[in-house]
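Chain residues, written in single-letter form:
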Amino acid sequence: MVRITKQEFKEMFNSKIYSIYAHSINEATNEQLQIVLSSVIKDIIAKYWVDNRLSTNKEVYYFSIEFLIGRQLKSNLLNLQIEEVIKEGLEDMGIDLDDLICAEKDPALGNGGLGRLAACFLDSMASLNISGHGYGIRYKYGLFEQKFINGYQVEVPDNWLLHEQYSWESIRPNKAVVVKFGGEVYLEEDNGRLKAKHHGYIPVMAMPYDIPIIGYDNDFINTLRLFKAEILNRDFGINTLYANTFTGSYEQALKYKYYTEEISQVLYPNDSNHAGKLLRLKQEYFLVSSGIQDIINKYRKNKFDILDFPKHIAIHINDTHPTLCIPELMRILLDEEGLSWEEAFDITKNTISYTNHTIMAEAMEKWPVDMMKELLPRIYMIIEEINKRYVEYLNHKYNDNEKIRRMSIICDNNINMANLSIIGSYSVNGVAKLHTEILKKEVLSDFYEDDPGKFNNKTNGIAHRRWLISCNEDLSNLITEHIGNIWKKDTEELKRLEDYKENRNFLKKLECIKIKNKTKLANFIAEEYGICINPESIYDVQIKRLHAYKRQLLNVLHILHLYHELLENPELDIVPRTFIFGAKAAPGYHLAKCIIKLINSVAEKINNDKSINNKIKVVFIENYGVSLAEKIIPSTDVSEQISTATKEASGTGNMKFMMNGAITLATLDGANVEIYDQVGEENIVIFGLKASQVLNYNKYGGYSSLDLYNSNFKIKRVVDDLVNGFIPNISKEGRVIYDSLITYNDEYFVLRDFENYIEAQSKIDTLYRDKEKWSKMCLINIANSGIFSSDRTISEYAKDIWFRGC
Ligand SMILES: *Cc1c(COP(=O)(O)O)cnc(C)c1O
């Protein structure tokens, strides 16, 4: 047990503040105090956070181009179970712990769900005593900070590393490795076998920065290792340059410095869109090569037989961004360990497992052959050889050229990263039941038919410690008062809450907690935006990246519909509603940015229209991220999960809301299907096209948005609003959105689902009127959310993938 007394803590804190800042508590800002506190906690955990590399247990390495870890202070105190002591110790010194919790920077080293999933997985691996470490990039600038100016999204750089340091990290210069770019590779005769020799490359130093990942109440600490790209010699100077390309002048030296540092400069703000950039490929290889070299270095220290590699090491790739793990591991096994091709491929295939995150064609990574050849010549040779051998196998097995084209890694001068991931790994999983079925039957059906045993499902999950215990303390305490503590380690226990579903006293308490959380959010919104919202209104929330497939547009068109109904009949009896949005759009995604402008303009108009008597309000919260999600989710009544069926692989926001007692308003897409299975149809509101219908339309056509527009008055009314001046200041944006719906036949079936969505929304209104019944629905949602803990997900990864057969 990590143990510390209040007195010991105060002494540590006091001496630390002098050693870091050379001044007293009174002169310190909250930011400084938070840094001091983090540093004290790092000292407290130091002896538990040993490099556990010499352990004989199998280790898991989770590679991800994004980690959206959120603030760490509160979650670390919770997991160490020392929150009380620290809080009281600080109080003695006149410091409020909550102020320090809020003073911490929230590192935005990810775009959305994929990065947040990686963070939840780290939390669960540590909490389940699995040696599982993350590898990522220490971007100097994370996802941009979003500001609204005149309703438009404006992107500001996210300078989270102010003063070049992050309070939870520790630099490990002794573990730095060199990553090589460019140059030429020759195969030379060496002791009777061909050896690859790499000349004229540009060396980049990968400097590791470690962040402790603390397990819940188990003294188990893993590491998230983020690499920063640097010049080879940190004492930057002309004489120290190794790179042929840059030797010579001071100017050349500066170019070299720029070349290296650019690699970890900024996170790509694209979410589910393929960033076709040379720099992105550099980032991907930088992550992969740093991580694989680091693993190999440890492995060599352990002196295990290289042929036993898959017995000791599991490498997981989160989507295809780290797919180059496959040829990079091959490269080291072939060129450095001197193994045969067959041995190396066998080891690689038995070490690597892959998660697919999307079926959207534009998000499938492909790299031009020429780019790969020039930037990573040796890696390209290896990919080419894997492809050659695989195509031989296919030719032998099938007599179908089309099929072979679809399955090969290299086709039309592009390298298909999903295909490489499948071919070079032993396990491929989707992230929700429906998604995995679509992979097997549609998108990856050739591979599934070829090797069905490789495919499996792992429905996503969320760290219930952050997304319930820590962000909704009142609810967490209420649960513990009634069913005890065990649920914190075993969320299946939450089911016991169902015993209280007829208990009016309990239901009332649940309702009071929600009202309290809603009041807090109302105060926050009043302070930040000067908008007054009513805690008695339904909080109807859609927070997630802005993307056409997520259909924020459907939501805002329904708001316009309600608004028209109210204008026509000011006495219309509806429960007051507050529509809350939070969403960033990729800076180059024009349609998404138009939708942001539309929502802001609709909000402006509606919030200032006295004639509707405050019955509806619209709030678009700026700069959505983990910390805001933690504020908003506990106060939500209605969780909007309205993506076009088939498009949202899983979703995890949906799970966070459910666990906090919101009612899901959803299409049968992604993990919504499994939420539906858990709570039953009386405790969720479902609408819209089913996946099979969408797949049918996509294959055989038969949908005309124009016909719907012409035949349905309600649809025509709101679509016309986009272009007839009804909403001020959106003439350009309104036209772009109108065209996407009408001219381009509404790719995401917004209008097709509109009528159905209105009905579902009206059902919500009816249900909410019976407060007790609503509260009971909330209870059933919470009670059945246990399966969506990422502890369950990670146990499944461990059992079926990483430790299978162990
Ligand atoms: C959970 C989460 C997401 C994912 O939300 P979806 O609704 O599943 O897309 C995105 N961003 C943040 C900050 C999150 O916490």
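Worth saying up front: this structure is predicted, and the values here are computed from it rather than measured.

Asks: So what exactly am I meant to see when it comes to the site of the ligand here?
Replies: Close contacts around the ligand come from 14 residues, with Lys544, Lys550, Thr652, Gly653 and Lys656 the closest. One of the backbone N or O atoms of Thr652 is found 2.8 Å from an oxygen atom in the ligand. One of the side-chain nitrogen or oxygen atoms of Lys656 is found 2.6 Å away from an oxygen atom of the ligand. Contact with the protein chains covers 96% of the free accessible surface of the ligand, which is 390 Å².

Asks: I keep staring at the side chain of Lys544 and nothing clicks. Help me out?
Replies: Inspection of the secondary structure puts Lys544 in the loop between strand S18 (538-543) and helix H21 (552-568). Despite its burial, Lys544 pairs with no opposite charge, the nearest such side chain being Glu648 at 4.3 Å. When near neighbours in sequence (up to four residues on either side) are disregarded, Lys544 contacts Lys550, Gln552, Gly582, Ala583, Lys584, Tyr624, Glu640, Gln641 and Glu648.

Asks: Quick question: what am I supposed to make of the environment of Gly110 here?
Replies: Looking at the secondary structure, you find Gly110 in the loop between helix H5 (97-103) and helix H6 (113-127). Here the alpha-carbon distance between Gly110 and Tyr139, two residues 29 residues apart in the chain, equals 9.7 Å. Excluding anything up to four places from it in sequence, Gly110 contacts Glu66, Phe67, Leu68, Leu143 and Leu267.

Asks: Looking at this model, I keep getting lost on the packing of helix H1 (residues 6-21) against helix H4 (residues 83-92). Mind explaining?
Replies: Two measures define how a pair of helices packs: the angle their axes make with one another and the distance between the axes. At a minimum axis distance of 9 Å, the contact between H1 and H4 shows a crossing angle of 60°. Of the possible angle classes, the one that applies to H1 and H4 is oblique. Of the two elements, H1 crosses H4, and the hand of that crossing is right-handed. Here Lys6, Phe9, Lys10 and Phe13 of H1 lie close against H4, whose contacting residues are Val85, Ile86, Glu88, Gly89, Leu90 and Asp92.

Asks: I'm lost on the packing of aromatic side chains in this one. Help?
Replies: The relative placement of two aromatic rings is captured by the distance of their centres and the angle of their planes. Under the counting rule described, the total for this entry stands at 24 aromatic pairs. The interplanar angle of 45° and the centroid separation of 5.0 Å between the aromatic rings of Phe63 and Tyr135 together place this pair among those described as tilted. Taken as a pair, Phe63 in strand S1 (residues 59-63) and Tyr135 in strand S2 (residues 132-137) lie far apart in primary sequence, 72 residues in all. You'll find Phe63 and Tyr135 in the same group, each marked buried. Measuring from ring centre to ring centre gives 5.7 Å for Tyr448 and Phe455, while their planes differ by 90°; the resulting arrangement is edge-to-face. The exposure class assigned to Phe455 is buried, which follows from its relative accessible area of 8%.

Asks: Can you walk me through the sheet that holds strand S13 (residues 366-368) in this structure?
Replies: The strands that make up a sheet are held in pairs by hydrogen bonds between backbone atoms, and each pair lies either parallel or antiparallel. Read from one edge to the other, the open sheet built from three strands follows the order S13-S15-S14, with strand pairing classed as antiparallel. Since the sheet does not close on itself, it has two edges, and those belong to S13 and strand S14 (410-411), each with one partner. As defined by bridge partners, S13 adjoins strand S15 (residues 414-416) across three bridges and the pair is classed as antiparallel. Note on S15: the bridge partner recorded for Trp367 is Ile415.

Asks: How should I be thinking about H6 in this particular structure?
Replies: Every α-helix carries 3.6 residues per turn, so stepping three or four residues along brings you back to the same face. An ideal rise of 1.5 Å per residue puts 21 Å on 15 residues; H6 measures up with 21 Å between its terminal C-alpha atoms. Along H6, 14 of the 15 residues are buried, which leaves the element largely enclosed by surrounding structure. Downstream of H6 by one or two residues, Asn129 has phi in the positive range, about 60°.

Asks: Is there a simple way to think about the pairing of strand S3 (residues 145-149) in this case?
Replies: Sheet faces and side chains relate simply in a regular strand, where the side chains alternate between the two faces. Covered by surrounding structure in S3 are Gln146 and Phe148 only, the residues Glu145, Lys147 and Ile149 on the alternate face being uncovered. Sheet topology note: the S3/strand S4 (residues 152-156) ladder contains five bridges and is antiparallel. Within the sheet, the bridge partner assigned to Phe148 lies in S4 and is Gln153. What sits between S3 and S4 in their antiparallel hairpin is a turn of two residues, with Asn150 showing a positive phi close to 55°.

Asks: In this structure, what is going on with the confidence of the model for the protein chain? I would like to understand it.
Replies: When pLDDT is averaged across the protein chain, the result is 95; 97% of the residues are at 70 or more. Confidence over residues 235-242 falls short of pLDDT 50; this stretch has 16 contacts with residues more than four positions distant or in other chains.

Asks: I keep staring at the pattern of salt bridges and nothing clicks. Help me out?
Replies: Close approach of charged atoms allows side chains of opposite charge to pair. Taken as a whole and judged by the stated rule, the model has 57 salt bridges. In this structure, Glu284 engages Arg280 in a salt bridge whose closest nitrogen and oxygen atoms are separated by 3.2 Å. Of this pair, Glu284 and Arg280 both sit in helix H8 (residues 278-302), four residues apart, which is roughly one turn of that helix. Per residue, the accessibility class of Glu284 equals that of Arg280, and both read buried. Here Arg405 makes a salt bridge to Glu402, at a shortest N to O gap of 3.7 Å. With Arg405 and Glu402 both in helix H14 (residues 401-407) and three residues apart, this pair spans about one turn of that helix. Its relative accessible area of 46% is what places Glu402 among the partly exposed residues.

Asks: I tried to follow the domain arrangement of the protein chain on my own but got confused; where do I start?
Replies: Interfaces are frequently sized by the accessible area removed from exposure as the parts join. Split into domains, the protein chain comes out as domain 1 (53-70 + 106-459 + 795-801) and domain 2 (503-689 + 754-786). One C-alpha centre belongs to domain 1, the other to domain 2, and the line joining them spans 37 Å. Domain 1 puts 35 residues into the contact, and the matching count from domain 2 is 32 residues. Carbon and sulfur atoms make up 59% of the surface buried where domain 1 meets domain 2, a total of about 2,600 Å² over both sides. One can count one salt bridge joining domain 1 with domain 2. A salt bridge links Glu155 to Lys593; its shortest N-O distance comes to 2.7 Å. Secondary structure elements with two or more residues in the side of domain 1 that touches domain 2: H6, S3, S4 and helix H16 (433-443). Tallied by class, the residues present in the side of domain 1 that touches domain 2 amount to 13 nonpolar, 14 polar and eight charged.

Reading guide: rules and limits
- Residues numbered from 1 in each chain as written.
- Predicted model: local features only at pLDDT ≥ 70, side-chain atom pairs only at ≥ 80, totals over all residues.
- Heavy atoms only, no water.
- Near = heavy atom within 4 Å.
- Polar contact = N/O pair within 3.5 Å; in protein donor to acceptor, adjacent residues only side chain to side chain.
- Areas by Shrake-Rupley, 256 points an atom, 1.4 Å probe, with all protein chains shown as cover.
- Helix = DSSP H or I, 4+ residues; strand = E, 2+ residues; numbered from the N terminus.
- Buried < 20%, exposed > 50% of the residue type's maximum accessible area, 1.4 Å probe, protein only.
- Lys, Arg positive; Asp, Glu negative; His and termini not counted.
- Salt bridge = Lys/Arg side-chain N within 4 Å of Asp/Glu carboxyl O.
- Contact = heavy atoms within 4.5 Å.
- Axes fitted to C-alpha atoms, helices over the stretch in contact; angles between N-to-C directions.
- Parallel < 35°, antiparallel > 145°, perpendicular 65-115°, else oblique.
- Left-handed = near helix turned anticlockwise from the far one by under 90°.
- Phe/Tyr/Trp six-rings, centres within 6.5 Å; stacked < 30°, edge-to-face > 60°.
- Pairing = 2+ DSSP bridges.
- Expected span 1.5 Å × (residues − 1).
- pLDDT = per-residue confidence, 0-100.
- Domains from an automatic or database assignment.
- Buried area = accessible area lost by both parts, 1.4 Å probe.
- Nonpolar A, V, L, I, M, F, W, Y, C, P; charged D, E, K, R; others polar.

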